[in-house]
Amino acid sequence: MSSFVTPPVPPMRITFDARMEPSGPVLTRRMSDLRGLFADTAAWEASLAEDPVVYEVASSPVPEAEGELPQSITTIHPGKVGGEFHMTKGHIHPRPRGEIYLGLSGVGGLLLFDGDKPEWIPMEPGSIGYIPPGWAHRSVNTGDEPYRFLAVYPGDAGHDYEWVLRNGMGYRVLGGADGPDLRPF
Ligand SMILES: [Fe+2]
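Residues numbered from 1 in each chain as written. Predicted model: local features only at pLDDT ≥ 70, side-chain atom pairs only at ≥ 80, totals over all residues. Heavy atoms only, no water.

Per an unreviewed UniProt entry, the recorded name for the protein chain is glucose-6-phosphate isomerase, and the organism is Actinomadura miaoliensis. UniProt, in its Sequence similarities (unreviewed entry) section for the protein chain, records the words "Belongs to the archaeal-type GPI family." Annotation of the protein chain in UniProt includes, under Catalytic activity (unreviewed entry), the sentence "alpha-D-glucose 6-phosphate = beta-D-fructose 6-phosphate". (UniProt positions renumbered as here; feature names shortened; annotations may be inferred.)

Right, dumping it as structure tokens:
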């Protein structure tokens with residue numbers, strides 16, 4: 001019998017749509033939680049009057065602990081702030097760990113940045129986006145419907161959001177005439 005560093009969760013079947021069942025924590029990010037992300041500060045401040053939910057992250061009960069493989073479903077609601085698409089805060093894993101995203105519904109993209117060069121992976125239902133260790137990552141809804149994806153990541157990866165505020169993500173993603181317009185910054 002293997003030994004575990006945390007109380008083990010049992011083998012389980014998890015069903016999912018917008019939420020997982022059985023479910024774990026649900027994180028809700030409103031516009032007011034996204035200070036410093038959007039280039040157009042005046043547009044961001046104007047949006048605070050209604051302070052809409054920008055995205056939600058619904059987790060399974062698998063804990064974020066070494067050896068475990070937690071999952072979450074993120075739903076980014078459609079919209080723009082000053083022409084810039086709704087997006088997640090973005091983070092880098094303090095421990096260099098890979099991660100996979102699976103597109104479930106809607107369209108969006110996975111923006112990656114290693115501190116030097118950015119990469120953009122378009123996402124749609126059925127796409128797998130691979131995030132190698134050492135790359136910061138952010139998701140963007142580039143469509144008119146909610147963009148939803150499943151994330152699966154090592155439980156000891158951790159989340160560093162400050163890194164993105166200090167270093168940016170290499171590109172800003174704006175609405176263009178022919179799809180997303182990636183602007184270096
Ligand atoms: Fe991650």
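And the narrative resumes.
A. Spotlight on the coordination of the iron ion. Only His91 (NE2), His93 (NE2), Glu99 (OE) and His137 (NE2) from the protein reach the iron ion as donors, at distances of 2.0 to 2.2 Å. Considering all four donor atoms around the iron ion, the spread of angles at the metal, 85 to 166°, places the coordination shape in the irregular class. In the primary structure, the donors to the iron ion are separated according to the pattern H-x1-H-x5-E-x37-H. Judged by relative accessible area, which is 9%, His91 ranks as buried. (Donors = N, O, S within 2.8 Å, 3.2 Å for Na, K, Ca; no water. Tetrahedral: all angles 85-135°; square planar, octahedral: opposite > 155°, others 65-115°. Buried < 20%, exposed > 50% of the residue type's maximum accessible area, 1.4 Å probe, protein only.)

B. Representation of the layout of surface pockets in the model. Approximately 430 Å³ is the volume found for the largest pocket. As for the largest pocket, its lining consists of 30 residues, of which Leu27, Val57, Ser72, His159 and Tyr161 are closest to the centre. The set of elements that each furnish at least two residues to the lining of the largest pocket consists of strand S3 (26–30), strand S4 (53–59), strand S5 (71–76), strand S8 (99–105), strand S12 (136–141) and strand S13 (147–152). Of the residues assigned to the lining of the largest pocket, the class counts are 14 nonpolar, 11 polar and five charged. (1 Å grid on protein atoms, 1.4 Å probe; cavity = no way out; pocket = protein on both sides within 12 Å on 5 of 7 lines; lining within 4 Å. Points joined across faces, edges and corners; volume = space filled by probe spheres on them. Helix = DSSP H or I, 4+ residues; strand = E, 2+ residues; numbered from the N terminus. Nonpolar A, V, L, I, M, F, W, Y, C, P; charged D, E, K, R; others polar.)

C. Local environment of the environment of Ser72. Inspection of the secondary structure puts Ser72 in strand S5. Note: C-alpha distance between Ser72 and Asp17 (55 residues apart in sequence) is 11 Å. Apart from residues no more than four positions distant in its own chain, Ser72 is found in contact with Met20, Val57, Ala58, Ser59, Phe149, Leu150, Ala151 and Tyr153. (Contact = heavy atoms within 4.5 Å.)

D. Just the sheet that holds S3, in detail. The strand order across the open sheet formed by six strands is S3-S4-S5-S13-S8-S11, and the pairing between neighbours is antiparallel. Across the chains shown, the open sheet's two edge strands, defined by having one partner strand only, are S3 and strand S11 (128–131). On average, adjacent strands in this sheet sit at an angle of 20° to one another, irrespective of strand direction. The pairing of S8 with S13 spans five bridges and is classified as antiparallel. (Pairing = 2+ DSSP bridges. Axes fitted to C-alpha atoms, helices over the stretch in contact; angles between N-to-C directions.)

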